[in-house]
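An overview of the molecular structure
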Amino acid sequence: MSLLGLDIGSTGVKAVAFNLEGEMLAQAYREYPEVHGKPGWLELNAAEVWNGIVAVLNEVAEATGDDPVQSLCMSAMGETFTPVGGGGEFLYNSIISPDSRALDEATSWRGTLGSERVFEITGMPLHPSFTLNKLMWMRRNMPDVHEQVDKYLLWPDVVMRKLGLRPRVDYTLCGRTMAFDIRKKRWSEEMLEAAGIEMELLGEPIASGEVVGELGSKGAEITGLPAGCLIVAGGHDQPMNALGAGVTQAGQAVDGMGTVECVTTALDKPVLTEPMREWNYCCYPHVVADMYVTLGYNYTSGDLLRWYRDNFALHESTEAERNGMDVYDVILSGLPPEPTGVLVLPYLAGSGTPYLDPQASGAFLGLTLSADRKTIVKAIIEGTCYELHLNLTRMAEGGVEIDRLRATGGGSRSPVWLQIKADITGREVVTLNVTESGCLAGAMLGGVAAGVYQGLQDAVDVLVEERESCEPDWQRHEKYAELFEIYMGAWPAISNLAHELRAQE
C-alpha cells in the first residue's frame, strides 16, 4: 500500500508516493512555463497544467504497481483559478497569484465594505492577488468568457471534476479567495454580493481531510491509479507544507524555501490585530482542524536564484555540466564568509508581505567595483534572508512570535543558505527528514482518511523527524543587524522612484 501526495505549483507539478513509514517510493515532476500576456499578467496554460498532472500521476502509478496507491490528496498554489465551461472545458488560462491585473478591483473595496470589514470577514488584506478581485476583473473585462462560465475552479477542484467527481474546495484554499468567512467556514454572502459574483460559480467548501469520493473507472483510466482509490481533500500549499513539517501546534512555524519563500505559523485562533492588517498579514484556516495560520512571504526567493542562473551563470552551468554537479551547488560554492554590504531587494515579481506592493520592483544597492560574481550571489541570498527577517519583525508587532524555523523546500538542501538565514534572523533553523513536505502532508491526510493513522498528530509522530540544526553565528548576526536597519529603510526610500519606472512600461 502507498499514499500519494500531489503538489500543483506555479512552475510545475509533482507527485510523490510514500509507504506507511514515510519513505518515498516514487516521484515524478513536470514543469510548465508561465504565460506573460501583458505587463503585470501571469497565467498558466490550463491544458499544459492538466497534461502535467496526468503525466506525473501515471508515472507514479506505474512505479508503485507492487504498492498500489490507497489515497490521493492534493496540495495546490493559492488564489489561482481557471474558468471552466459546462462540459468541463477550459475557457481561459489559469490566472495565478502574482498576477496584478485586478489592482483597481482590490482598491475598490475601500469605497464599499472597507479594508477593516474585509479583513474581519476573510482575514485577507486588500490585494489584487486574491481570487475574488480577479473574478470581478473577469466579469468587467472579459464578459464573453464570464457568461460561459459554469464554475470558477481552483486546481484541486479542476482535478476532481476531470476525474468524474463533484468539485469541492477545502477551507484553506477557500480562505485564499477573499470570498470566505474564516470563522463560519462558508462562502461569505456579504463579500460575494458586494463583488457581484454568484455563489453558484464556486465549488462547495469542505474540510481538509474529508473524503471527496472514490476514483471510478473513468478516473482510473486517466491517471493509471487503481479504481477505488480515495480522493481526499487537501489544502493550500503553505498550510500543507506546514503539516508536512509537523507544524500542528500554536507557535510552530515552517519556512518553505521554494519559488516563493513563505513562513507559515500555526495559530489556535484567528489573529486579526490592527498591525496584522496594516502589515498585510492574512489569517485563514489550517489544514489541521480548528486551527488557523498566518503567512509571511516573498514572491521572488528561489525564483531570484533561478533568474541569476538563467541570465548570468553560464560559467557555473558549464562547470556543473562538465563535472556532473548540480548547477546550484556550483553557484553557491566559495561565497565570501562575511556580510557583503550589498543589499538586494527581492521584488522582481512585486513584493509580498509586509508591503504587498504589486508595483514593487527589485534593486541592488551598495554595488562597487570590488563586487565580484560570488559577492553578487551571496548578496542575492542575503536579500531573501533580510526579507524573511523583515517579515518576522513585523509579524511580532502583530502578536505572532516566531523563535525557531523548520526549513523545507529546495532551498533547505543548501547548508550555505540555511546558515546565512540563521545569521541574519538570529533564529535556529532546522531541517527535516523530508523536503517534499507538501506531498507528505497529502500522504498524512490520505492516510488518516484511509485508517492508516489514528489522527494527524499520530501521522506527524511517525513521519516527521528533525535532522540538522543551524545556530546563528552571533558575531556575524551583530554585523547583519546593522545592515538590516538599513535594509528596513531601503524600500520606503526608493519606492516612489521604482513606481515611476514601472509606470513607463
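Notes on the structure follow. All values derive from a computational prediction rather than experimental measurement. (Residues numbered from 1 in each chain as written. Predicted model: local features only at pLDDT ≥ 70, side-chain atom pairs only at ≥ 80, totals over all residues. Heavy atoms only, no water.)

1. Observations regarding the sheet that holds strand E15 (residues 230-236)
Heads up, the rule is: Here, strands pair whenever DSSP counts at least two bridges between them. Going along the chain from the N terminus, every DSSP run of H or I of four or more residues is numbered as a helix, and every run of E of two or more is numbered as a strand. Axis definition: a line fitted to C-alpha atoms, over the contacting stretch in the case of helices. Angles run 0 to 180 degrees between N-to-C directions. Contacts are assigned to residue pairs that have any heavy atoms within 4.5 Å of one another.
Read across the open sheet, the 6 strands follow the order E3-E2-E1-E6-E15-E14; overall the sheet is mixed. Only two strands of the sheet have a single partner each, and these edge strands are strand E3 (24-31) and strand E14 (211-214). Each strand axis lies, on average, 20 degrees off the axis of its neighbour in the sheet, ignoring direction. Most of the contacts of helix H1 (residues 46-63) go to E3, to which it runs at about 160 degrees, and overall it touches strand E1 (2-8), strand E2 (12-18), E3 and strand E6 (69-76). Where helix H17 (residues 437-449) meets the sheet, it contacts E1, E2, E6, E14 and E15, and its direction lies at approximately 135 degrees from that of E1.

2. Thoughts on the packing of aromatic side chains
Rules: We call Phe, Tyr and Trp rings a pair once their centres come within 6.5 Å, taking the six-membered ring for Trp, and we label the pair stacked below 30 degrees between planes, edge-to-face above 60, and tilted otherwise. Burial status follows relative accessibility: with a 1.4 Å probe on protein chains alone, a residue under 20% of its type maximum counts as buried, one over 50% as exposed, and anything between as partly exposed. Here, a charge over a ring is recorded when the distance from Lys NZ or Arg CZ to the ring centre is within 6 Å and its angle to the ring normal is within 35 degrees.
Scanning the entire structure with this criterion turns up 11 aromatic pairs. An angle of 75 degrees between the planes, with centres 5.2 Å apart, marks the rings of Trp-307 and Phe-312 as edge-to-face. On the numbers, 6.0 Å between centres and 75 degrees between planes, the contact of Tyr-386 with Tyr-480 is edge-to-face. Here Tyr-480 lies in helix H19 (residues 474-503) and Tyr-386 lies in helix H15 (residues 373-397), a separation of 94 residues in the sequence. For Tyr-386, a relative accessible area of 0% corresponds to the buried category. Site record: aromatic cluster; members linked through ring pairs are Tyr-171, Phe-180 and Trp-187. The aromatic ring of Trp-41 is capped on one face by Arg-101, whose charged end is 3.8 Å from the ring centroid.

3. Considerations on the environment of Cys-385
When you line up the elements, Cys-385 lands in helix H15. Each C-alpha atom of the pair Cys-385 and Ile-420 lies 7.3 Å from the other, and the pair is 35 residues apart in sequence. In this structure Cys-385 touches Trp-417, Ile-420, Lys-421, Ile-424 and Thr-425, once residues within four positions along its chain are discounted.

4. Examining helix H3 (residues 115-122)
Condition: Arc definition: it is the arc formed by the directions from the helix axis to the C-beta atoms.
Looking at H3, one finds that the buried residues are Ser-115, Val-118, Phe-119, Ile-121 and Thr-122. End-on view of H3: buried residues confined to an arc of 170 degrees, all on one side of the axis. Its buried side turned inward, H3 meets helix H7 (171-175), strand E11 (180-181), helix H8 (189-195) and helix H11 (274-278).

5. Observations regarding the side chain of Asp-255
Summarising the element assignment, Asp-255 is placed in strand E16 (residues 253-257). Taking the relative accessible area as the measure of exposure, Asp-255 reaches 0% and is therefore buried. Apart from the residues lying within four places of it in its own chain, the contact partners of Asp-255 are Glu-261, Cys-262, Val-263, Leu-388, Leu-405, Arg-406, Ala-407, Thr-408 and Lys-421.

6. Remarks on a nonpolar patch on the surface
In plain terms, the rule: Only residues whose relative accessible area exceeds 30% and that form no salt bridge enter a patch; like-charged residues are grouped when within 9 Å of one another, and nonpolar side chains (Val, Leu, Ile, Met, Phe, Trp, Tyr) when within 5 Å. Residue exposure ignores everything except the shown protein chains as possible cover, and the areas themselves are Shrake-Rupley values with a 1.4 Å probe. One side-chain nitrogen of Lys or Arg within 4 Å of one carboxyl oxygen of Asp or Glu is enough to make a salt bridge.
A grouping of Trp-307, Phe-312 and Leu-348 is seen on the molecular surface, where their side chains present a nonpolar patch of about 270 Å² in accessible area. Turning to its location among the elements, Phe-312 is positioned in helix H12 (residues 302-312).

7. Section: the pairing of strand E23 (residues 428-432)
Put simply, the rule reads: Call a crossover right-handed when, viewed with both strands pointing away from you, the route from the first strand across the helix to the second goes clockwise.
Most of E23 sits out of view: 5 of its 5 residues are buried. Residues Glu-428, Val-430 and Leu-432 line one face of E23 and the alternating positions Val-429 and Thr-431 line the opposite face, and both faces are buried. Where strand E22 (residues 404-408) meets E23, 4 bridges bridge the pair, whose relative direction is parallel. Across the sheet, the residue bridging to Arg-406 is Val-430, located in E23. Where the polypeptide runs from E22 across helix H16 (residues 415-425) and back to E23, its parallel neighbour, the crossover connection is right-handed. The pairing of E23 with strand E24 (residues 466-470) spans 3 bridges and is antiparallel. Considered in E24, the bridge of Val-430 is made with Ser-469.

Keep in mind that these numbers describe shape and distance, not what the molecule does.
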